[in-house]
Each structure stands twice: as C-alpha cells, then as structure tokens.
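Working through the structure, step by step
Chain by chain, the residues run as shown.
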Amino acid sequence: MCISFWMERVLAVIIKSPAEIEAMKEAGRLSAAVLREVGARCVPGVSTLELDEFAEDYIRSNGGIPTFKGYGGFPGSLCASINEQIVHGIPSSSVKLRSGDIVSIDIGATVDGWAGDNAWTYAVGKVDPKKKRLLEVTEKCLWAGISAARVGNRLGDIGHAVQSVAKAAGFGVVRDYTGHGIGRDMHEDPQVPNYGFRHTGMKLEEGMVLAIEPMITMGTHKTHVMRDGWLVVTQDGLPSAHFEKTVAITADGPILVSVEPGRDRPVN
Ligand code: MG
C-alpha cells in the first residue's frame, strides 16, 4: 500500500522545460518583490490586514494575481503567522505586529498562469537573541535544503539536509506540513518533507520545480490547527520560523526561481 502510494506520487510529478522554468521566473520575481516590500512594512503597530491589502494591490498593479486568494477558500493574499504560529495565519485588522514578534509572511503571485510561492520570517522591532537564532538557523536550513536539490540526489537528501541543521541547533522540525512541487498549480507533487534519510525517496530530476520551505520550532515539532481551520500553531506555544524559496532543479544545479533579477538571495 505504501509503495503504490509512493508510485502514484512519482507519476504525478510534472516536469518543466527550460522555457517553462523561464516563464515561472516571472511569477517568482513578482512573488519575491512583493515579499520584500511586505517585509519592509513589518513594523510595530501595523495590522496583518494592512499588509495583506498592500500585497494584493502590489501584485495586481504589477500584472499578477494573488496566488493564495481564494485558494481552498483562503481569504487573504498572504499568510501572516506570528511567534508560535507556524503557517496559514489569516490577515486581520485586529492582529497588529508588536516589537519583539517574529512574523512569517508567505505569499505568491501568479503570472501568465504560473504560480509563485515564497516566504520569509521577519523580526519586528527589537527581538530577543533566542528568536534571532531561530531565524538564523531556519534560514540556514532553507539554504541547506536548496543546495541538496540536485540531479542525482533524492527527496530524502533535501529533508535530511534541512533536518540536520535544525537538529544540530536543538530545534524541532515540523512534520505535518511540507514543501511541494509547484507549476501551474501552487501545490503539485511531490511533497517535500523537511526531514528524511539520505539516498531515500524519489529521484530528483532535471525540470522539477520545488518550493522548499523549512518550518522550524524552538520546542516541539507537534502542531495544532486553530478553530478557524487554517492557523497552525506549535502545541507547546514556543516560537516557530518559516522560510521558503521556489527552486528549479537543472543539470547545472539548483536555480532560484522566486528571486528578483540580479539577486541570489532575497533582501530581508
Ligand atoms: Mg509553499
């Protein structure tokens, strides 16, 4: 049963041509630009709904469509998840950022039918050293996962790379939510777990485009979904961070898709 499930997932992976990857970069560029702009607005006193309204305007006025809006009924153009909130926070006028918070902004823009997806966790005002370390380690997890996204490796190599960095720092790795393939749909096969064993799982092939997104916690990896049916929090109430980039696997190694022109890394 396990094997057939795995085989189904193998068969469902949609490989992209070099031209399609180039087309996806347009969505990736706008997704990265709006993320940077929203990140610059993550200051004490701003509500997450204000961030959402800014993001939707920015995306639409630059020729995109907010990928998240209406996805599975999600009401916002971005997810804003603060402190112990891991992912899928619904923007709200009553949720205001405070100094000392960390906030994951997860956002995507669809351009010419291609979906974009990326996330970054921002420090709001003055943040304590423990949270700063969580941000640094989670970003490291992201880059470790990206560098394992190579032809010849397997999915388990990505998860193992992410998990190793988090474990060495004494942090938890969320298992209930994963990265994913991305293309014309925001969520395509395969799932990309942030844990795993080296040399296991599906072979990584040229033309796969993956959203790699470590969700790392200061304590337990266990999660809980709040009553709105969306917001995911840590069971122990300890902070969590989340970083995500869309990456294309090519013969020349991983290429970042959700970046602005001329940037290897997002500005934060
Ligand atoms: Mg994603």
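Residues numbered from 1 in each chain as written. Predicted model: local features only at pLDDT ≥ 70, side-chain atom pairs only at ≥ 80, totals over all residues. Heavy atoms only, no water.

This part covers the coordination of the magnesium ion. Each protein donor to the magnesium ion is listed here as Asp117 (OD), His180 (NE2), Glu213 (OE) and Glu244 (OE); together their distances run 2.1 to 2.3 Å. One chain supplies every donor for the magnesium ion, spaced along it as D-x62-H-x32-E-x30-E. Taken together, the residues span a long stretch of sequence, with Glu213 in the loop between strand S10 (209-212) and strand S11 (215-217) and Glu244 in the loop between strand S14 (240-242) and strand S15 (245-250) at a distance of 31 residues. The burial state of Glu213 is the same as that of Glu244; both residues are buried. (Donors = N, O, S within 2.8 Å, 3.2 Å for Na, K, Ca; no water. Helix = DSSP H or I, 4+ residues; strand = E, 2+ residues; numbered from the N terminus. Buried < 20%, exposed > 50% of the residue type's maximum accessible area, 1.4 Å probe, protein only.)

Looking now at the side chain of Thr246. One can find Thr246 in strand S15. Within the structure, the side chain of Thr246 is placed 2.7 Å from the backbone oxygen of Asp117, a separation counted as a polar contact. Once you skip the residues sitting within four places of it in the chain, Thr246 turns out to touch Asp117, Ile182, Val209, Leu210, Ala211, Ile255, Leu256, Val257 and Ser258. (Polar contact = N/O pair within 3.5 Å; in protein donor to acceptor, adjacent residues only side chain to side chain. Contact = heavy atoms within 4.5 Å.)

It is worth spelling out the sheet that holds strand S7 (residues 172-173) at this point. Strand order in the open sheet made by the 3 strands is S7-S11-S14, with antiparallel pairing throughout. Each edge of the sheet is formed by a strand with only one pairing partner; in this case those strands are S7 and S14. Note that S11 and S14 share 3 bridges and pair antiparallel. If you follow Met215 over to S14, its bridge partner there is His242. Lying over the sheet, helix H4 (residues 129-147) contacts S11 and S14, oriented at roughly 40° with respect to S14. (Pairing = 2+ DSSP bridges. Axes fitted to C-alpha atoms, helices over the stretch in contact; angles between N-to-C directions.)

What follows concerns the pairing of strand S6 (residues 118-123). For S6, the tally of buried residues reaches 5 of 6 residues, placing the bulk of the element in the interior. Two elements, strand S4 (residues 102-107) and S6, share 6 bridges in a ladder whose sense is antiparallel. Note that in S6 the partner of Ile102 across the bridge is Ala123.

Counting residues in each nonpolar core, the largest one holds 70 residues, and the members touching the most others are Val103, Ile105, Ile158 and Ile212. If sequence neighbours within four positions are ignored, Ile158 has contacts with Gly145, Ala148, Ala149, Val192, Leu204, Leu210 and Ile212. By size, the runner-up hydrophobic cluster in this structure holds 5 residues, among which are Ile86, Val87, Met215 and Val232. (Core = buried A, V, L, I, M, F, W, Y, C linked by side-chain atoms within 4.5 Å.)

Attention now goes to the side chain of Gln85. Among the structural elements, Gln85 can be located in strand S3 (residues 85-87). A polar atom in the side chain of Gln85 sits 2.8 Å from the backbone nitrogen of Ile82.

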